[in-house]
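# Fold and contact review
Each chain, written out:
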Amino acid sequence: MLWMFEWLQNTKNLTALFAAVAAIATVFTLAMPLLSSDTLSKRMNAVALEREKIRARERERLARGSEKISLRQSPKQYMQKVVEQFNLTKWLAQEEAREKLVQAGFRGQAPYVAFLFFRMITPVVMFVTALFYMFLVLELDQPWAVKVVVCLVAAYAGMHLPYLFLKNRISKRQLSIRRAFPDALDLLLICVEAGMSVEAAFKKVSVEIGTQSIALAEELTLTTAELSYLQDRKMAYENLAKRTGLEGVKSVCVALQQAERYGTPLGQTLRVMSQENRDMRMSEAEKKAAALPPKLTVPMILFFLPVLFVVILGPAAIRVMASQDTSSSTPLVQPK
């Protein structure tokens, strides 16, 4: 170890080491684009082959005609039995839960039955698990009343776990819709100004925007279907606003309703709403950028500053230690 400290004390050695590291990093950075292979064509070929396989398999299944194709997902049998036996639709059913499920992308009766099932099962599982750990696994010197309270808290947390899962799914889905919605409005504006009807424009945009946001493509497809068969077109826009739960989408839906009611130009309305949604997206990005320095304060104090102090004070500490070693090893001259 001493030879390493002596080698690091030399300024020329440290300069050569840092220069070598910088040269290797530069060469590696410049060579990475040349060494990386273009996998886009391979992925496209694989997707094309897989698509052809799926088409062939679906043709065979349709030709046999032995399987019934159902567009509506049916709930699990055991979940349905538990919900019916305990009458969970009466005790745990909430209209807010249905709206949250729709906003999370779960439609139909099957997700609602699964939500009721897990809302009953999760507290029981959490309570039993907490009892097992508190009384059998963990040897805590606490009275039994405290352990029971901890188990009850775990059961209460388990009761809210399905809602937390739904909120997480809703936030991710809304983020995807919020990012792609201004571009969808631009495409909708182009389609409307090209002479297409609202239904055809929504259908075209739902196909084109799918590569950017699958959730938004689903919502626009449902809106296209509702505009086609609902007697009141206002309900289709209101349902779109409810399914997304975003203020930007709600304002666009209200503007579309007013444009159809009062006969105002639809292109001008879409142009204004597209600019407003784009400004909202930019302001949200600026807000996140402004909140970044306070968030970086704690990581910098915990991780960056100690390393910086070691780099700055390390050579000085090594020199002090080396000088102390040399002074202690020098023999004292005895007076005659």
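Scroll up for the structure.
First things first, this report covers the structure right here in the doc. (Residues numbered from 1 in each chain as written. Predicted model: local features only at pLDDT ≥ 70, side-chain atom pairs only at ≥ 80, totals over all residues. Heavy atoms only, no water.)

### Structural notes on the pattern of salt bridges
The tally for this structure, following the rule as stated, stands at 14 salt bridges. The residue E218 makes a salt bridge to R107 at a minimum N-O spacing of 3.8 Å. Remark: R107 occurs in the loop between α6 (95–103) and α7 (109–137) and E218 occurs in helix α10 (residues 214–229); sequence separation between them is 111 residues. Residue class for E218 comes out partly exposed when judged on its relative accessible area of 34%. Judged by its relative accessible area of 30%, R107 is partly exposed. Of the charged contacts, one joins K204 and E208 as a salt bridge, the two residues approaching to 3.5 Å between their closest N and O atoms. One end of the pair, K204, and the other, E208, are both in helix α9 (residues 198–208), 4 residues apart, so they sit about a helical turn from each other. Here K204 falls in the partly exposed class, since its relative accessible area comes to 41%. Through salt bridges with shared partners, one network takes in R107, R173, E218, E219, E226 and R243. (Salt bridge = Lys/Arg side-chain N within 4 Å of Asp/Glu carboxyl O. Helix = DSSP H or I, 4+ residues; strand = E, 2+ residues; numbered from the N terminus. Buried < 20%, exposed > 50% of the residue type's maximum accessible area, 1.4 Å probe, protein only.)

### Quick look at α10
Here α10 is 16 residues long and its end C-alpha atoms lie 23 Å apart, about the 22 Å a rise of 1.5 Å per residue gives. Those residues of α10 that sit buried are A215, L216, A217, E219, L220, T223, T224, E226 and L227. Those residues of α10 hidden inside the fold are in contact with α8 (144–193), α9 and α11 (233–244). (Expected span 1.5 Å × (residues − 1). Contact = heavy atoms within 4.5 Å.)

### Observations concerning the nonpolar core
Ranked by internal contacts, the top residues of the largest apolar core, which has 34 residues, are F202, L216 and L270. Only α8, α9, α10, α11, α12 (247–262) and α13 (266–290) provide two or more residues apiece to this core. In terms of residues, this core owes the most to one element, α8, which gives 9 residues. Apart from residues no more than four positions distant in its own chain, L216 is found in contact with I177, A180, F181, A184 and I209. With 16 residues, the next largest nonpolar core counts M79, V83, A104 and L116 among its residues. (Core = buried A, V, L, I, M, F, W, Y, C linked by side-chain atoms within 4.5 Å.)

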